[in-house]
Amino acid sequence: MSGAVDLSSLKQPASGAGGAAGDYAVSEADFETKVLRRSMQVPVVVVLYSQRSPGSVELVRTLERLVAAAGGAWDLATVEAEANMRIAQALRVQGIPTVIAIAAGQPLADFEGAQPEPQVRQWLDAVIDAVAGKLEGGAPQQPAEDPRFAAAEAALEQGDLAGAEAAYEAILAAEPANEEAKGALRQLRFLARAQELPESAIAIADADPSNVDAAIDAADLELFQQRPEAAFDRLIEVVKRTSGDERTKARTRLLELFELFDQAEPFVAAARRKLAAALY
């Protein structure tokens, strides 16, 4: 479930929002503090229930017993759904009761409907195992910073693109398979290239569609302007209408631009499909 919902709307307290009574009761007014912030330290199990549903009330009582015996391994937030509809909507609740585990401010796992205590215990154990070692002191643990990357980033901050490039190349000389350095070097070389392009590069390409080099420059500038779809489409059109060395040149640059992004991005996947159709 992680990443499937957006909880940002619940980071601003809502006025006049009520909630159920009890030590674990949470309303819109304190959801950010008791759930989102607390989930940076331990997983918070949010149960959305209704007083009119005996099954959901019994599930709340089960969870209250379990959290009392948990020794602080997780926390509980009980939310009366009717009084806190914004929470139910933000969590995309379809039925009552619904139980959702939140860790590091994001939904981790969920189940719907009343469940027997042994099954609830099993689900809680899985949640705790999933976050083991990942939540501590209010924030996820951070790996130690690699001084080689720190040096490259320092050079970038000072505007020394050549120095940063040399630093990343040195990392790759020692570790040819270092994907982080490869990605950083691709981004850096693109940035250095795109910054040198004239603002007229797009107009020049549009005025002469047969000029493959101009199209490549225009695609770089469009990407630099944060318009990747436009850049991809421009080069795909070049691939469609050219052959031989010109087609190879355009295709090679397009593949280089793809590598600047997470390959799971929908617009990258869509452009790859278009390229395949243009080629075959």
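Above this note sits the structure.
Calculation notes
Residues numbered from 1 in each chain as written. Predicted model: local features only at pLDDT ≥ 70, side-chain atom pairs only at ≥ 80, totals over all residues. Heavy atoms only, no water. Axes fitted to C-alpha atoms, helices over the stretch in contact; angles between N-to-C directions. Helix = DSSP H or I, 4+ residues; strand = E, 2+ residues; numbered from the N terminus. Parallel < 35°, antiparallel > 145°, perpendicular 65-115°, else oblique. Left-handed = near helix turned anticlockwise from the far one by under 90°. Contact = heavy atoms within 4.5 Å. Core = buried A, V, L, I, M, F, W, Y, C linked by side-chain atoms within 4.5 Å. Buried < 20%, exposed > 50% of the residue type's maximum accessible area, 1.4 Å probe, protein only. Phe/Tyr/Trp six-rings, centres within 6.5 Å; stacked < 30°, edge-to-face > 60°. Pairing = 2+ DSSP bridges. Expected span 1.5 Å × (residues − 1). Nonpolar A, V, L, I, M, F, W, Y, C, P; charged D, E, K, R; others polar.

1. Some remarks on the packing of helix 9 (residues 212-224) against helix 10 (residues 228-241)
For step 1, the next point in the chain: For the pair helix 9 and helix 10, the least separation of the axes is 7 Å and the interaxial angle reads 165 degrees. Between helix 9 and helix 10, the interaxial angle falls into the category roughly antiparallel. Judged by the sense of rotation from one axis to the other, the crossing of helix 9 with helix 10 is left-handed. For the pair helix 9 and helix 10, the contacting residues are Val 212, Ala 215, Ile 216, Ala 218, Ala 219, Glu 222 and Leu 223 in the first and Pro 228, Ala 230, Ala 231, Arg 234, Leu 235 and Val 238 in the second.

2. Thoughts on the nonpolar core
For step 1, the next point in the chain: Of all hydrophobic cores here, the largest spans 22 residues; its most connected members are Phe 190, Leu 223, Phe 232, Leu 235, Leu 254, Leu 257 and Phe 258.
For step 2, the next point in the chain: Of all the secondary-structure elements, those providing two or more residues to this core are helix 7 (179-195), helix 9, helix 10, helix 11 (244-258) and helix 12 (266-279).
For step 3, the next point in the chain: Sort the elements by how many residues they give to this core and helix 10 lands first, with 6 residues.
For step 4, the next point in the chain: Ignoring any residue separated from it by four or fewer positions in sequence, one finds Leu 223 in contact with Phe 190, Pro 228, Ala 231, Leu 257, Leu 260 and Phe 261.

3. A short note on the packing of aromatic side chains
For step 1, the next point in the chain: Taken as a whole and judged by the stated rule, the model has 6 aromatic pairs.
For step 2, the next point in the chain: Centroid distance Phe 111 to Trp 123: 5.0 Å. Interplanar angle 85 degrees. Geometry classified as edge-to-face. Taken together, the residues span a long stretch of sequence, with Phe 111 in strand 4 (residues 106-112) and Trp 123 in helix 4 (residues 117-131) at a distance of 12 residues. Both residues of the pair, Phe 111 and Trp 123, count as buried.

4. Re the sheet that holds strand 1 (residues 44-49)
For step 1, the next point in the chain: Strand order in the open sheet formed by 4 strands is 2-1-3-4, and the pairing between neighbours is mixed. Each having just a single partner strand, strand 2 (75-80) and strand 4 make up the two edges of the open sheet. With direction set aside, neighbouring strand axes in the sheet form an average angle of 20 degrees.
For step 2, the next point in the chain: Bridge count for strand 1 against strand 2 is 6 bridges, and the pairing is parallel. By the bridge assignment for strand 2, Val 45 is matched with Leu 76.
For step 3, the next point in the chain: Docked against the sheet, helix 2 (residues 54-68) engages strand 1, strand 2, strand 3 (98-103) and strand 4, running at close to 160 degrees with respect to strand 1.
For step 4, the next point in the chain: Set on the sheet, helix 4 makes contact with strand 1, strand 3 and strand 4; between it and strand 4 the angle comes to about 165 degrees.

5. Brief notes about helix 2
For step 1, the next point in the chain: For helix 2, built from 15 residues, the straight-helix expectation of 21 Å at 1.5 Å per residue is met to within 8% by its first-to-last C-alpha distance of 21 Å.
For step 2, the next point in the chain: If you check which residues of helix 2 are buried, you get Ser 56, Val 57, Leu 59, Val 60, Thr 62, Leu 63, Leu 66 and Val 67.
For step 3, the next point in the chain: Taken together, the buried residues of helix 2 touch strand 1, strand 2, strand 3, strand 4 and helix 4.

6. Some details on the pairing of strand 4
For step 1, the next point in the chain: Direction of pairing for strand 3 relative to strand 4: antiparallel, over a ladder of 6 bridges. The residue of strand 4 that forms the bridge with Ala 101 is Ala 109.
For step 2, the next point in the chain: Linking two consecutive strands that pair antiparallel, namely strand 3 and strand 4, is a turn of 2 residues; a positive phi of about 55 degrees is found at Ala 104 within it.

7. Points about unusual backbone geometry
For step 1, the next point in the chain: Pro 97 follows Ile 96 through a cis peptide bond whose omega is 0 degrees.
For step 2, the next point in the chain: You can see Pro 97 is positioned in the loop between helix 3 (85-90) and strand 3.
For step 3, the next point in the chain: Although it is not a glycine, Arg 92 adopts a positive phi angle of roughly 55 degrees.
For step 4, the next point in the chain: Looking at the element boundaries, Arg 92 is found in the loop between helix 3 and strand 3.
For step 5, the next point in the chain: At Ala 104, a position not held by glycine, the phi torsion is positive, near 55 degrees.
For step 6, the next point in the chain: Within the element layout of this structure, Ala 104 appears in the loop between strand 3 and strand 4.
For step 7, the next point in the chain: By relative accessible area, which is 30% here, Ala 104 ends up partly exposed.

8. Concerning the packing of helix 9 against helix 11
For step 1, the next point in the chain: Relative to each other, helix 9 and helix 11 sit at 10 degrees, their axes nearing to 10 Å. Considering the angle they form, helix 9 stands roughly parallel to helix 11. Listed contacts from helix 11 to Val 212, Asp 213, Ile 216, Ala 219, Asp 220 and Leu 223 of helix 9 are Glu 246, Lys 249, Ala 250, Arg 253 and Leu 257.
For step 2, the next point in the chain: In terms of residue class, the contact of helix 9 with helix 11 is made up of 6 nonpolar, no polar and 5 charged.

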